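The chain contents come next:
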There are 4 protein chains.
Amino acid sequence: MSERNIRVERIDRRAVEDQEVEIVERKGIGHPDSICDGIAESVGSALAREYLDRVGKVLHFNTDETQLVAGEAAPAFGGGEVVDPIYILIVGRATKHYEGQTIPTERIALTAAREYLEAEIPKLTFGEDVVVDVKLGEGSGDLQDVFGEEEVQVPMANDTSFGVGHAPLSETEEIVYNAEQRLNREFAAENPYLGSDVKIMGKREGDSIDVTVAAAMIDEHVPDMDAYVDAVASVREYVADVASEYTDRDVSVYVNTADAVEAGSIYLTVTGTSAEQGDDGSVGRGNRANGLITPNRSMSMEATSGKNPVNHIGKIYNLLSTDIAENVVSEVDGIRDLRVRLLSQIGRPIDEPHVADVHVVTEDDVDLETVRPEIEAIVDDGLANVTDITQRVIDGELDTF
Amino acid sequence: MSERNIRVERIDRRAVEDQEVEIVERKGIGHPDSICDGIAESVGSALAREYLDRVGKVLHFNTDETQLVAGEAAPAFGGGEVVDPIYILIVGRATKHYEGQTIPTERIALTAAREYLEAEIPKLTFGEDVVVDVKLGEGSGDLQDVFGEEEVQVPMANDTSFGVGHAPLSETEEIVYNAEQRLNREFAAENPYLGSDVKIMGKREGDSIDVTVAAAMIDEHVPDMDAYVDAVASVREYVADVASEYTDRDVSVYVNTADAVEAGSIYLTVTGTSAEQGDDGSVGRGNRANGLITPNRSMSMEATSGKNPVNHIGKIYNLLSTDIAENVVSEVDGIRDLRVRLLSQIGRPIDEPHVADVHVVTEDDVDLETVRPEIEAIVDDGLANVTDITQRVIDGELDTF
Amino acid sequence: MSERNIRVERIDRRAVEDQEVEIVERKGIGHPDSICDGIAESVGSALAREYLDRVGKVLHFNTDETQLVAGEAAPAFGGGEVVDPIYILIVGRATKHYEGQTIPTERIALTAAREYLEAEIPKLTFGEDVVVDVKLGEGSGDLQDVFGEEEVQVPMANDTSFGVGHAPLSETEEIVYNAEQRLNREFAAENPYLGSDVKIMGKREGDSIDVTVAAAMIDEHVPDMDAYVDAVASVREYVADVASEYTDRDVSVYVNTADAVEAGSIYLTVTGTSAEQGDDGSVGRGNRANGLITPNRSMSMEATSGKNPVNHIGKIYNLLSTDIAENVVSEVDGIRDLRVRLLSQIGRPIDEPHVADVHVVTEDDVDLETVRPEIEAIVDDGLANVTDITQRVIDGELDTF
Amino acid sequence: MSERNIRVERIDRRAVEDQEVEIVERKGIGHPDSICDGIAESVGSALAREYLDRVGKVLHFNTDETQLVAGEAAPAFGGGEVVDPIYILIVGRATKHYEGQTIPTERIALTAAREYLEAEIPKLTFGEDVVVDVKLGEGSGDLQDVFGEEEVQVPMANDTSFGVGHAPLSETEEIVYNAEQRLNREFAAENPYLGSDVKIMGKREGDSIDVTVAAAMIDEHVPDMDAYVDAVASVREYVADVASEYTDRDVSVYVNTADAVEAGSIYLTVTGTSAEQGDDGSVGRGNRANGLITPNRSMSMEATSGKNPVNHIGKIYNLLSTDIAENVVSEVDGIRDLRVRLLSQIGRPIDEPHVADVHVVTEDDVDLETVRPEIEAIVDDGLANVTDITQRVIDGELDTF
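Quantities reported herein were computed from a predicted structural model and do not represent experimental measurements.

*Asks:* Any chance you could break down the relation of the copies chain D and chain B for me, citing the residues and the numbers?
*Replies:* Superposing chain D onto chain B takes a rotation of 180° plus a shift of 0.0 Å along the axis, which leaves an RMSD of 0.0 Å. Such a combination of rotation and displacement between the chain copies is what one expects of a two-fold axis. Taking the C-alpha atom as reference, chain D places G127 of chain D closest to the rotation axis, 3.0 Å from it. Both copies share a contact surface, since 100% of the interface residues of chain D are interface residues in chain B too.

*Asks:* Describe the packing of aromatic side chains, naming the residues involved and giving the relevant values.
*Replies:* The relative placement of two aromatic rings is captured by the distance of their centres and the angle of their planes. Using the criterion set out here, one finds 12 aromatic pairs over all chains in the structure. When the ring of F187 of chain C is compared with that of Y238 of chain C, the centres are 5.0 Å apart and the planes differ by 50°; the resulting orientation is tilted. With F187 of chain C in helix α3 (residues 171-190) and Y238 of chain C in helix α4 (residues 225-244), this pair connects stretches of sequence that are 51 residues apart. Take F187 of chain C and Y238 of chain C: they sit in the same class, and that class is buried. By the ring-pair criterion, three or more aromatic residues cluster together here, those being F187, Y193 and Y238 of chain A. Here the basic side chain of K135 of chain C rests over the ring of Y87 of chain D, its NZ or CZ set 3.5 Å away from the ring centre.

*Asks:* Give a description of the relation of the copies chain A and chain B that names residues and reports values.
*Replies:* Turning chain A through 180° and shifting it by 0.0 Å along the axis lays it on chain B, with an RMSD of 0.0 Å. In this assembly, 98% of the residues forming the interface of chain A have copies in chain B that are likewise at the interface, indicating an isologous arrangement.

*Asks:* Go over the nonpolar core, please, and point to the residues and values.
*Replies:* Proteins that are soluble and globular tend to have nonpolar side chains buried together. L117 of chain C together with L117 of chain D are the most contacted members of the largest nonpolar core, which totals 92 residues. Dropping the residues within four chain positions of it, L117 of chain D is found in contact with I35, I39, I88, P122, L124, F126, V130 and V132 of chain D. Counting residues in hydrophobic clusters, the runner-up holds 91 residues, among them Y51 and F126 of chain A, I121 of chain B together with V69 of chain C.

*Asks:* How would you explain the interface of chain A and chain B if you had to name every residue and give the values?
*Replies:* Each partner contributes residues to the interface: chain A has 56 residues there, and chain B has 55 residues. Surface buried jointly by chain A and chain B totals about 4900 Å² across both partners, of which 51% is contributed by carbon and sulfur atoms. One can count 10 salt bridges joining chain A with chain B. The residue R285 of chain B makes a salt bridge to E65 of chain A at a minimum N-O spacing of 3.4 Å. Summed over the shared surface of chain A and chain B, the number is 23 residue pairs in polar contact (both at pLDDT 80 or more). Put simply, the parts of the chain that give the side of chain A that touches chain B at least two residues each are β1 (6-10), β2 (21-27), β4 (67-69), β7 (86-94), β12 (194-205), β16 (281-282) and β17 (335-343) of chain A.

Reading the values: the criteria
- Residues numbered from 1 in each chain as written.
- Chains lettered and ligands numbered in written order.
- Predicted model: local features only at pLDDT ≥ 70, side-chain atom pairs only at ≥ 80, totals over all residues.
- Heavy atoms only, no water.
- Least-squares fit on C-alpha atoms with pLDDT ≥ 70 in both.
- Contact = heavy atoms within 4.5 Å.
- Phe/Tyr/Trp six-rings, centres within 6.5 Å; stacked < 30°, edge-to-face > 60°.
- Helix = DSSP H or I, 4+ residues; strand = E, 2+ residues; numbered from the N terminus.
- Buried < 20%, exposed > 50% of the residue type's maximum accessible area, 1.4 Å probe, protein only.
- Lys NZ or Arg CZ within 6 Å of the ring centre and 35° of its normal.
- Core = buried A, V, L, I, M, F, W, Y, C linked by side-chain atoms within 4.5 Å.
- Buried area = accessible area lost by both parts, 1.4 Å probe.
- Salt bridge = Lys/Arg side-chain N within 4 Å of Asp/Glu carboxyl O.
- Polar contact = N/O pair within 3.5 Å; in protein donor to acceptor, adjacent residues only side chain to side chain.

Here is the structure:
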């Protein structure tokens, strides 16, 4: 066993699943805030990969500040058009000069943003519906040589920060998370009228769950109001089906409740995102690292997307604590609710947090003491392999929002 | 008694003050994220006041997306200089045309930003050390006539959202909050070397509190390294004194711990903010509406600064729930910890939330049932006078970060 | 005969061909100033065509202010890369709202710019090597309904301005103009190493002509220094051949004379334009409406590209006077040099200029009086059909730079 | 006598003063193009002075590309307001790093622009009515050490370019130039309603001169339409008086002829410049180096403002040739019209132009041969002291537009 300061305690509250009121939200990949998160993270990963490729190590960068300024659009049944383009400004720092080499950081950023948008929001024509600009300052150069060397070293914490992770997801969380994911993949593949800007809020009061969906419809595939009403109904039905896979509680699904169909005021878009008309966005304002906004749970304010995965302790600890929490729950029986919190201390190696505190709610018939050693071992192992998180981020295997 | 859905319950956890580990953070007014919050909110209030002045009601606007791109500076003992200016982009929506009048929304925004910066970060020469640009789209016009009419009407909720407030502050929270406030007012007034970018993190483990301060020093008033070391010591001493006013626990204060004095690597700045060199910022990434980041408490991800105080339910409910919590604690004896959460329902008047749930930890000798009526009455009264929040925001009386 | 104020006079100087010293310059299509001219004009034509298509008439616009901010590149034999993108800002005015319709002026502009760049400077990857942004203000709306109605009316002059045209081209002018055109079309098609940024200056002293060519080479197609030297030699030889088609005078051709081959300082680029590295550009700073810069001839400072072809008198008169001059020379024998100058009077129909003055140098054996009626008739006819110029601009048939 | 290639010849045309039709234009200091010229030049001079001050020599820079995007304003009798700010983007290259020093080029540029605008267009509140942004790339570093060393060396020409100057001014030129200057200085000092955006066009046909003035009036000082009509009349009268000082010919003065007083369509502004409403601007599109646009004379297309005065041959030769022309005319009797043209040869010292050709029209009773030696001596002397031009530009003693 290591010398790491790992504390495992019984949490002094009910499991989230057992609380009276629960609120959960997820902003889909086409939401303006998520677009910013996605670009920021794809820019960051691209920089990391290029650094490794060109100089053999990840140099200093931080690109966690993309800003989206909404456009103006004129949607119409059968197909309208974008009037003023969305403007996206990629902001951050990156090391451009290293040992005589010039790394084209701004072009790398633009290319990554382009590829991300074309893959995830294909309805947005790059350079026409959306203008992407970039302002990357020079990195400080101080934090350069920490990753990618022959012998990987564990870097020192660059800040006093913390990360937090939870597992398992509650039923409401499962519904909210999976409904968005499956709407955007499975459902949209067969129903091209559904835009990527799907925002889902789940509210549970006792055993009654309300799922409220705001789903941007794409005008090109909605010929008239009847088609729109049908589309809304299909989304509702699909989400209800998804929900039933995760719960036996009563679920009510509401889709586009702000619509005034009579008045013709509906959620119709040209591109499938509200960014086309009036909704600005930025990084770190939406989903936390586990893909959800969960006011019933402890959350970090840290923006995870776009940060350097080598030494940005807030990013690493948010992803790692989530990873550890999921591992504990999948490997140890009898855990009803678990929170992992990692607190850094500036200047210490990041695999030795100031404290790793784990709060557990066990099933009624499970004694914490019997599972404590297992939990501690998993936490210890996660910390020992902290650089795996870095590698998985660079490889694009971990979601950050 | 009203028909409002107010629930007062015993909370199923220990008071934050009694939890084993507590983490609290505050970003001072000169932190890049706070600069954005401050500009966003001052722009929003200025728009609201101008609308009232010009057309007698607050028209639709939302200016919660200011983005700051860091500059580059060359600080030096005795006075260095800004090399590349900070760039600030004010982003949002505002109604520019109303019944034949044109409201100069962009110029109002620029003027408000200028006045805010000159008042709060006077070391930044506007237009030279910092470039402020603005992109305000047109508002939708839908939500225009909701405030300022002869008879004030309670507006309808524009979204499904929630706000959360807490009281009283824990000792650690008091220390963190007040140390920053008093450093930036009292201390800086007499010690001009202290910049406005003061970031404080408090960590309590049991009865031991660590206060870590990152304080940007202003080079013009720091002639040499000895002076710098003295300045750091003075800040440390001052914060320790402040802390002792709020707690009897052991407090350790650390200031600028990342310094490497030997190597000459210290936290010296030209303008008193890290925005001058590499630290970008944006709205809603820092302090919550009560001025703190408190992962031990339920938090809303909603950015409060810059939002329309008439109908933006997230903003109103965050401010109102905090206000209610403080009122309950100041008026009702025996409350050890209290959380107020307000949940809106789209389309219902905002004084009738879907649910107002109040979770209380009482002192050991206090029975919740004896104080319940008082609490309910205060909550009910707060909701009944929800438009007071709007007025106080417009008058600049409520802090939003 | 019309009542138009047409004056035909003998010019009081030698023909340009007969002057002792002559200077002529042409910036090729890939020169930063020409890129701006090209984008401005393509944006303008696209707007005109869209207006005709959508509302049946050309509404007010003016897009003659594109600004290019150079990028940074790292060319290398065999293929380097763009490091910082070129930034292009399309600036101007356009009517966005007309009788209830919204015309997506900014998107039209972006699309036109994209298509222009992809067609003319294909080495620039849109959105990666070059960022195109747009700021189009609203037009005044005053000058809207002047073109495209069932019955075409001749618009009134909107300004006091003038245009000037010349014919025939001198030998030096022919060489400079055609060398650039043929290098960029014919030669580049077979020799992909030649970039589009070809700048040619011709100087004639007596019967000796120097042609100085600055030709950006594309690194991808230049494997090494020998290849570069060969490429330069091929361009020199090609231009010498072209020149010999237009003159019997002595011609010396110099290509990339600023090169220091020994020192490795050569004109190598990634994209074929100096805009990739340090050379900014804007509209109206390069070639005049006839494609040349000719200090030996009277020139208008008016930027022709991007202006509204319906009522912008400076644009129309520059194009029309050039057209008239060419027509006179092709139809009337014995003209050695001819200048047509059209002066508008604000508020008068543009087919009735304040004065149309034609200065003629005839061949020695030709009496001006014998050709005067022919010349007057051609001028009169050109003015009578002034709206043809507008149509040809909209159809993209007239070059403006 | 030097070995310089100086040619003095009789010009093969009438003096401009004797030509039948003459056109002259001047854009006043508040015209959008002139604002750009003024900022570009003040930024350039400020950089040159700072370089001299900090490193003892002028480093490479070029700032001749300022772009102005017009704002939107709502003028009203007695005082209206700017609605959307003017946006000015300073574009160019400057050397930021030199021998370990960092020169704050962007801040220098912003400060210079601010000071220029506050001095020349004081009605524009910096940062509110006008946003000034800056994008200065790094200079190439090649052309650094050419001016300011202990022993001033004459630099080599960096380009094949030419400059042209004329003297004396014709009567029409004198009227146009001086009317603008005196309106903006003398008249405006006593009549605060006159804005700085005064555009004057002079047309002479034979002995009849029309002077057309477009003068932006400042609404704050114009209480009503009568006051406006009076203001226009005062300007007309003043210009007529100025004109009579320079000519005995018939002069007609027209002021704001595009006004439709009945319809209330007049040239009223908030800030005294049309940049506030719809008129964009850029460098090098307005006045030539001698302050005028003179299609009757040979002109260079080169933008003079903002260019490096040490080695930018186009700038230096335009200023020097004008200076030489004026010196010749003031020192040599009997010159009726004179044109000096200086042609550089890349790589040769700039005091040894490829050719300096001087074309002279003498008074009828003066033989060119008698004045030739004097003229040659003055030209030779001007070239020998070419670096004086550089110094005077840096000292702000030479106008460039």
